Amino acid sequence: MAGGQLQVLNALDVAKTQLYHFTAIVIAGMGFFTDAYDLFSISIVTRLLGRIYYTAPDAKSPGSLPINVNAAVTGVALCGTLAGQLFFGWLGDQLGRKKVYGLTLILMVVSSIASGLSFGHEATGVMTTLCFFRFWLGFGVGGDYPLSATIMSEYANKRTRGAFIAAVFAMQGFGILASGVLSLIVAAGFEHKYKPPAFSVDPAASLPPASDYIWRIILMFGGVPAALTFYWRMRMPETARYTALVANNAKQAAQDMSKVLQVDLEPEEEKLDKIVQDDRNHFGLFTWQFVRTYGIRLLGTTSTWFLLDIAFYSQNLFQKDLFTSIGWIPPAKQMSAIREVYKVARAQTLIALCGTVPGYWFTVAFIDVIGRFAIQMMGFFFMTVFMFALAIPYHHWQEKAHRIGFIVMYSLTFFFANFGPNATTFVVPAEVFPARLRSTCHGISAAAGKAGAIVGSFGFLYLSQDKNPALRDAGYPAGIGKKNSLIVLGVLSFLGMVFTLLVPEAKGKSLEEASGEAEDQDDGKVQPDA
């Protein structure tokens with residue numbers, strides 16, 4: 001950065017870890033709590049919705065959501081998230097992180113509560129309103145991706161910045177656990193009160209009318225923790241890097257950070273003027289200079305997140321086989337509607353505890369020790385290994401005698417996704433782009449990831465269908481089967497390793513150094529990617 005780094009930015013870079021860092025993690029992390037809570041709980045809710053609204057009279061098996069309805073209910077939030085990432089990412093650079101931050105939280109809270117209030121008694125009305133509110137829930141969650149990552153990166157010191165950003169993302173783990181625990185408590189309470197028999201014993205009595213409250217309570221609770229942080233989110237000052245480097249207000253940046261850091265800081269308005277006058281700090285996103293300077297790293301952050309989310313979200317397709325093979329979830333006929341909620345919640349919570357949640361915190365612990373590049377490369381490598389290890393002897397793992405090995409392999413795949421690219425793809429885009437475009441570029445990277453999630457959730461839902469009609473899910477066309485799908489996912493994970501080579505390392509650097517805004521000591525020029 002021409003003229004040297006501003007004192008206020010240097011003070012943030014060298015600040016000791018303080019209470020405000022942890023406060024910022026909790027405040028920023030609530031969006032990810034809500035995101036994970038919703039993603040985790042919707043698979044439980046959709047099973048119950050199928051029983052409530054799609055069980056035909058005199059049916060011999062419990063009802064389930066039609067293919068198109070299930071795709072809409074689960075996929076509309078992903079579409080909303082993608083749109084929100086692009087829109088709020090751009091808006092965060094135009095208006096400021098703080099001004100937009102409260103709006104995303106309001107959207108999440110209102111939409112979470114409204115999802116549980118979806119009106120009507122007929123399937124069409126309930127599903128339509130549920131999809132409407134879930135889109136706006138996703139839209140708010142999407143906005144929290146670039147804003148939370150950018151705010152945390154701009155508040156953190158350079159020594160532990162990676163851990164702090166990763167900790168914000170790791171709040172997803174608490175969302176997963178909260179969803180599972182609440183679902184277990186609600187299901188246990190309703191089961192204790194109504195004691196419904198299994199569907200095979202009495203189809204009508206297996207679905208008490210009060211079951212309609214269960215899914216509403218579960219969905220609505222997701223917005224409560226986020227609502228509790230609204231006051232604190234509104235009290236957070238704008239980040240110094242936006243105020244100084246984008247809004248060009250050195251005095252306000254110094255005042256805000258003096259309160260946060262509890263030190264006296266000089267505005268340094270003359271130094272900021274020199275920075276502002278530098279032509280290198282003016283080019284926009286849709287310019288050749290941006291493509292030349294940041295194009296390769298944007299390709300790296302978007303492609304790796306896209307490939308990661310295809311593999312990560314498609315793994316949910318194999319949970320049904322896993323849970324059935326180890327006997328965690330009996331056939332639907334052998335359970336009441338409420339018992340099915342309990343069983344599914346318990347199974348998913350155990351998988352999360354074994355593989356998903358620990359991976360988040362391993363990343364927090366080691367990201368500033370071994371670096372983003374090493375963790376991401378390692379994660380993609382082991383995902384590739386375990387995908388092929390599951391795929392090549394796929395029928396071997398389906399045998400009852402080998403089911404423990406299947407659980408271990410499956411859990412390790414999730415573990416290394418989270419102790420790997422699922423966390424680092426979130427961290428890196430918040431570090432390697434200039435302040436004036438940081439939120440926008442993070443939003444673009446995250447949107448690429450959600451595009452991959454849509455491919456993984458729905459493209460592979462069809463692709464993984466067996467060629468044998470007897471082994472295929474009802475209503476789906478023939479695909480390439482689960483074994484071949486796992487091979488494809490292994491190849492995509494390998495490609496993730498290749499594209500990781502395009503992503504620069506930001507460990508131990510200030511944001512200005514990592515993004516190329518800092519002046520190169522040799523010739524005073526930003527070093528381009530290509």
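Quantities reported herein were computed from a predicted structural model and do not represent experimental measurements.

Draft legend 1. Inspection of the overall build of the protein at higher detail. Regarding its fold elements, the protein presents 22 helices and 0 strands. In terms of overall size, the protein behaves like a compact globule, its C-alpha atoms giving a radius of gyration of 24 Å where 530 residues would be expected to give roughly 24 Å. With the C-alpha coordinates aligned to their principal axes, the bounding extent of the protein is approximately 80 × 45 × 35 Å. Here the protein holds 530 residues, and the buried ones make up 58% of them. In the protein, 82% of the contacts between residues at least 6 apart in sequence involve partners at least 24 apart. Here the protein has roughly 21100 Å² of accessible surface; of this, 65% comes from carbon and sulfur atoms. For the protein, the distance from the average position of its 42 positive side-chain charges to the average position of its 38 negative side-chain charges is 9 Å.

Draft legend 2. Here's a closer look at the packing of aromatic side chains. Per the stated rule, a full pass over the model turns up 40 aromatic pairs. Taken together, a centroid distance of 6.2 Å and an interplanar angle of 75° make the contact between Phe 22 and Phe 164 edge-to-face. Residue Phe 22 is found in helix 2 (residues 19–54), and its partner Phe 164 is found in helix 6 (residues 161–194); the two are separated by 142 residues along the sequence. Exposure remark for Phe 22: the relative accessible area of 47% places this residue in the partly exposed category. Since its relative accessible area comes to 6%, Phe 164 is described here as buried. Taking the centre distance of 4.8 Å and the plane angle of 20° together, the rings of Phe 169 and Phe 426 count as stacked. Of the two residues, Phe 169 is situated in helix 6 and Phe 426 in helix 19 (residues 421–427); the sequence distance between them amounts to 257 residues. For Phe 169, a relative accessible area of 2% corresponds to the buried category.

Draft legend 3. Broad picture of the nonpolar core. Formed by 138 residues in total, the largest nonpolar core has its most connected members in Trp 215, Met 257 and Phe 426. Among the elements that take part in this core, helix 2 stands out by supplying 17 residues, more than any other. If you look at the next biggest cluster of nonpolar residues, it comprises 13 residues, including Phe 290, Leu 298, Val 432 and Phe 433.

Draft legend 4. View of unusual backbone geometry. In the Ramachandran plot, Lys 195 falls in the positive-phi region, its phi being about 45° despite a non-glycine side chain. Looking at the element boundaries, Lys 195 is found in the loop between helix 6 and helix 7 (211–221). Look at Lys 195 and you get exposed, because its relative accessible area is 59%. For Gln 262, which is not glycine, the phi torsion reads 60° and is therefore positive.

Draft legend 5. Fine view of the side chain of Ser 493. With respect to the helices and strands, Ser 493 occurs in helix 21 (residues 481–500). Ignoring sequence-local partners within four residues, the contact set of Ser 493 consists of Ala 311, Phe 380, Met 383, Thr 384 and Met 387.

Draft legend 6. A look at the packing of helix 2 against helix 7. The N-to-C vectors of helix 2 and helix 7 enclose an angle of 165°; their axes lie 10 Å apart at closest approach. Judged by the angle between their axes, helix 2 and helix 7 are roughly antiparallel. Here the hand of the crossing between helix 2 and helix 7 comes out left-handed. Listed contacts from helix 7 to Tyr 37, Asp 38, Ser 41, Ile 42, Val 45, Leu 48, Leu 49, Ile 52 and Tyr 53 of helix 2 are Ser 211, Asp 212, Ile 214, Trp 215, Arg 216, Ile 218, Leu 219 and Phe 221. A per-class count over the contact of helix 2 with helix 7 returns 12 nonpolar, 2 polar and 3 charged.

Draft legend 7. Local environment of the packing of helix 5 (residues 123–155) against helix 6. Viewed as axis vectors pointing N to C, helix 5 and helix 6 meet at an angle of 150°, and their least axial separation amounts to 9 Å. Judged on the interaxial angle alone, helix 6 and helix 5 are roughly antiparallel. Where helix 5 crosses over helix 6, the handedness of that crossing is right-handed. Across from Tyr 145, Ser 148, Met 152 and Ser 153 in helix 5, the residues of helix 6 making contact are Arg 161, Phe 164, Ile 165, Val 168, Phe 169 and Gln 172. Of the residues that constitute the contact of helix 5 with helix 6, the class distribution is 6 nonpolar, 3 polar and 1 charged.

Draft legend 8. Inspection of the environment of Phe 386 at higher detail. Within the secondary structure, Phe 386 is located in helix 16 (residues 372–391). Overall, Phe 386 belongs to the buried group, its relative accessible area being 12%.

Draft legend 9. Representation of the state of the cysteines. Within this structure, the stated rule accounts for 0 disulfides. Distance from the sulfur of Cys 131, which forms no disulfide, to the nearest cysteine sulfur (Cys 79) is 10 Å. With relative accessibility at 16%, the residue Cys 131 sits in the buried group.

Draft legend 10. Broad picture of the side chain of Gln 376. Structurally, the position occupied by Gln 376 is in helix 16. If near-sequence neighbours (up to four positions away) are discounted, Gln 376 is found in contact with Thr 304, Gly 420, Pro 421, Thr 424, Thr 425, Thr 500 and Val 503.

Draft legend 11. Representation of the pattern of salt bridges. Under the defined criterion, the tally for this structure stands at 16 salt bridges. Across the pair Arg 161 and Glu 431 runs a salt bridge whose closest N-O atoms are separated by 2.7 Å. Of this pair, Arg 161 sits in helix 6 while Glu 431 is found in the loop between helix 19 and helix 20 (438–463), placing the two residues 270 residues apart along the sequence. For Arg 161, a relative accessible area of 0% corresponds to the buried category. Given a relative accessible area of 0%, Glu 431 falls into the buried group. In this structure, Arg 339 and Glu 191 form a salt bridge, with 3.0 Å as the shortest nitrogen-oxygen distance. On the criterion of sequence distance, the pair formed by Arg 339 in helix 15 (residues 337–370) and Glu 191 in helix 6 is long-range, its members being 148 residues apart. Salt bridges sharing partners connect three or more residues here, namely Asp 93, Arg 97, Glu 154, Arg 438 and Glu 517.

Cut-off values and rules
- Residues numbered from 1 in each chain as written.
- Predicted model: local features only at pLDDT ≥ 70, side-chain atom pairs only at ≥ 80, totals over all residues.
- Heavy atoms only, no water.
- Helix = DSSP H or I, 4+ residues; strand = E, 2+ residues; numbered from the N terminus.
- Rg over C-alpha atoms; globule rule 2.2 N^0.38 Å.
- Buried < 20%, exposed > 50% of the residue type's maximum accessible area, 1.4 Å probe, protein only.
- Contact = heavy atoms within 4.5 Å.
- Areas by Shrake-Rupley, 256 points an atom, 1.4 Å probe, with all protein chains shown as cover.
- Lys, Arg positive; Asp, Glu negative; His and termini not counted.
- Charge placed at Lys NZ, Arg CZ, Asp CG, Glu CD.
- Phe/Tyr/Trp six-rings, centres within 6.5 Å; stacked < 30°, edge-to-face > 60°.
- Core = buried A, V, L, I, M, F, W, Y, C linked by side-chain atoms within 4.5 Å.
- Axes fitted to C-alpha atoms, helices over the stretch in contact; angles between N-to-C directions.
- Parallel < 35°, antiparallel > 145°, perpendicular 65-115°, else oblique.
- Left-handed = near helix turned anticlockwise from the far one by under 90°.
- Nonpolar A, V, L, I, M, F, W, Y, C, P; charged D, E, K, R; others polar.
- Disulfide = S-S within 2.5 Å.
- Salt bridge = Lys/Arg side-chain N within 4 Å of Asp/Glu carboxyl O.

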